[in-house]
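Architecture at a glance
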Amino acid sequence: MQGIPFYKYQGAGNDFIMVDQRDNQWINREDRELVEKLCHRRFGIGADGLILLQNHPGFDFEMIYFNADGREGSMCGNGGRCTVAFARQLGVIGDRCHFLAVDGPHDANINNPEWVELKMIDVTQVEEGSNFYYLNTGSPHYIAFVDNVDQIDVVQEGRAVRYNARFRAEGTNVNFTQLTANGLKVATYERGVEDETLACGTGVTAAALAYHLKRGGPKGAFEVPIQVKGGDMAIRFEATAQGFSDVWLCGPAKMVFAGEIA
Ligand SMILES: N[C@H](CCC[C@H](N)C(=O)O)C(=O)O
């Protein structure tokens, strides 16, 4: 068989098809239909998104991310962490890297083979509404605090927000966030996938920052452990007078299988 080589990765259950495009243009960025088909769980490989790893001058690599609907999305945090694990597997990088994504440059560290820490963009603007927060951590996120995440119909309630008059055109990701004894529990409805995913990196980052504001926003360095349906993650950040900087998204990133697209 001689098809397009691919790798399948997952980070806390947020899963991605990876294609190494350093030497070959296997997938045309404009080919929305192909990407959508490959991400389809019945007609394709099945994934929340697809990522191309490409060369880019001045960086270790560039990450091009598509949502499962085949459109190039905004930043994907878990996809970024999985791309770092993939780059390491390919021998493109060692334990540290500096790469380019749609929202700009990112640094990342691999502390043990299956745990990747990714530096996210600084956040200076957070909208506070009645019982919600809205902010951009590379992707737009609506955060609603709830008493019990397990009792939420994430697809139905997430869709109600994503398709309301305000968000219908551009879409938004929606994160239902519960306070736990030592951190947060988060469930996410993702635009572009238009479904619940088991984890969302930019989403849990947004949830941690919103939670910090909710509890009064003290200045200093913080770490928030986060439980998602697909595993355990953590966010570290520095809260300053200007907002949030030195924001790190930390969690598992694992290769699941490799194959060839027929
Ligand atoms: N799963 C991703 C988010 C993808 C963002 C995408 N759904 C969009 O808003 O375009 C993450 O780990 O951050």
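Just so you know, these numbers come straight off a predicted model, no measurement behind them.

1. A few points about the overall build of the chain
Within the chain one finds four helices and 17 strands. Its C-alpha atoms give the chain a radius of gyration of 18 Å, within 12% of the compact-globule value 18 Å for 262 residues. For the chain, the C-alpha atoms occupy an extent of roughly 55 × 35 × 30 Å along the three principal directions. In the chain, which comprises 262 residues, the share counted as buried stands at 55%. Contacts in the chain between residues at least 24 apart in sequence constitute 59% of all its contacts with a sequence separation of at least 6. Summed over all atoms, the accessible surface of the chain reaches about 11,600 Å², with 44% contributed by carbon and sulfur. Within the chain, one finds 24 positive and 34 negative side-chain charges whose respective centroids are separated by 3 Å.

2. Side note on the state of the cysteines
Scanning the model with the defined rule gives zero disulfides in all. No disulfide involves Cys 39; its sulfur sits 11 Å from the nearest other cysteine sulfur, which is in Cys 76. Unpaired in terms of disulfides, Cys 76 finds its nearest cysteine sulfur in Cys 200, a separation of 6.7 Å. Overall, the relative accessible area of 6% leaves Cys 76 in the buried class.

3. Quick look at helix α3 (residues 154-162)
The set of residues buried in α3 consists of Val 154, Gly 158, Val 161 and Arg 162. With its buried residues spanning 95 degrees around the axis, α3 presents them on a single face. For α3, the exposed residues set more than 90 degrees away from the buried face come down to Gln 156 and Ala 160. Buried positions along α3 lie against β10 (140-145), β11 (173-179), β12 (184-190) and β13 (195-197).

4. A closer look at the UniProt feature "active site" (unreviewed entry) in the chain
If you check UniProt for "active site" (unreviewed entry), the listed places come out as Cys 76 and Cys 200 in our numbering. What stands out for the annotated residues spanning 125 residues is how close their C-alpha atoms remain, the widest pair being 7.8 Å apart. With respect to the helices and strands, the residue Cys 76 is situated in the loop between β4 (62-67) and α2 (77-90). Among residues more than four places away in sequence, those in contact with Cys 76 are Phe 16, Met 63, Tyr 65 and Thr 202. Inspection of the secondary structure assignment puts Cys 200 in the loop between β13 and α4 (201-214). Among residues more than four places away in sequence, those in contact with Cys 200 are Asn 14, Asn 78, His 141, Thr 188 and Glu 190.

5. Topic: the site of the ligand
Taken together, 16 residues surround the ligand, and among them Gly 77, Asn 173, Arg 191, Gly 201 and Thr 202 come closest. Interatomic distance of 3.0 Å between a side-chain N/O atom of Asn 14 and a nitrogen atom of the ligand. One of the backbone N or O atoms of Gly 201 is found 2.6 Å from an oxygen atom in the ligand. Contributing elements (two or more residues each) for the shell around the ligand: β4, α2 and α4. Counting residues domain by domain, the shell around the ligand receives three or more from each of domain 1 (4-117 + 253-261) and domain 2 (126-248).

6. What to know about the pairing of strand β2 (residues 14-20)
Remark: a regular strand shows side chains that alternate across the two faces of the sheet. Counted residue by residue, β2 has seven buried out of seven residues, so it is predominantly covered. Burial along β2 is two-sided: Asn 14, Phe 16, Met 18 and Asp 20 and Asp 15, Ile 17 and Val 19, pointing in opposite directions, are all buried. Of the strand pairs in this sheet, strand β1 (residues 4-11) and β2 are connected by five bridges, and their pairing is antiparallel. Paired with Tyr 9 across the strands is Phe 16, a residue of β2. Joining the antiparallel neighbours β1 and β2 is a turn of two residues, in which Ala 12 adopts a positive phi near 55 degrees. At this point the chain moves from β2, through helix α1 (residues 32-39), to the parallel strand β3 (residues 49-54), and the crossover so formed is right-handed.

7. Comments concerning the domain arrangement of the chain
Each domain of the chain was delimited in the assignment, giving domain 1 (4-117 + 253-261) and domain 2 (126-248). Relative to domain 2, the C-alpha centre of domain 1 lies at a distance of 23 Å. Every contact between the two is made by 21 residues of domain 1 and, on the other side, 21 residues of domain 2. Each partner contributes to the roughly 1,300 Å² buried at the junction of domain 1 and domain 2, and carbon and sulfur atoms together form 49% of this total. If you look at where domain 1 meets domain 2, you find one salt bridge.

About the criteria used
- Residues numbered from 1 in each chain as written.
- Predicted model: local features only at pLDDT ≥ 70, side-chain atom pairs only at ≥ 80, totals over all residues.
- Heavy atoms only, no water.
- Helix = DSSP H or I, 4+ residues; strand = E, 2+ residues; numbered from the N terminus.
- Rg over C-alpha atoms; globule rule 2.2 N^0.38 Å.
- Buried < 20%, exposed > 50% of the residue type's maximum accessible area, 1.4 Å probe, protein only.
- Contact = heavy atoms within 4.5 Å.
- Areas by Shrake-Rupley, 256 points an atom, 1.4 Å probe, with all protein chains shown as cover.
- Lys, Arg positive; Asp, Glu negative; His and termini not counted.
- Charge placed at Lys NZ, Arg CZ, Asp CG, Glu CD.
- Disulfide = S-S within 2.5 Å.
- Arc of directions from axis to C-beta.
- UniProt positions renumbered as here; feature names shortened; annotations may be inferred.
- Near = heavy atom within 4 Å.
- Polar contact = N/O pair within 3.5 Å; in protein donor to acceptor, adjacent residues only side chain to side chain.
- Domains from an automatic or database assignment.
- Pairing = 2+ DSSP bridges.
- Right-handed = clockwise from strand over helix to strand, strands pointing away.
- Buried area = accessible area lost by both parts, 1.4 Å probe.
- Salt bridge = Lys/Arg side-chain N within 4 Å of Asp/Glu carboxyl O.

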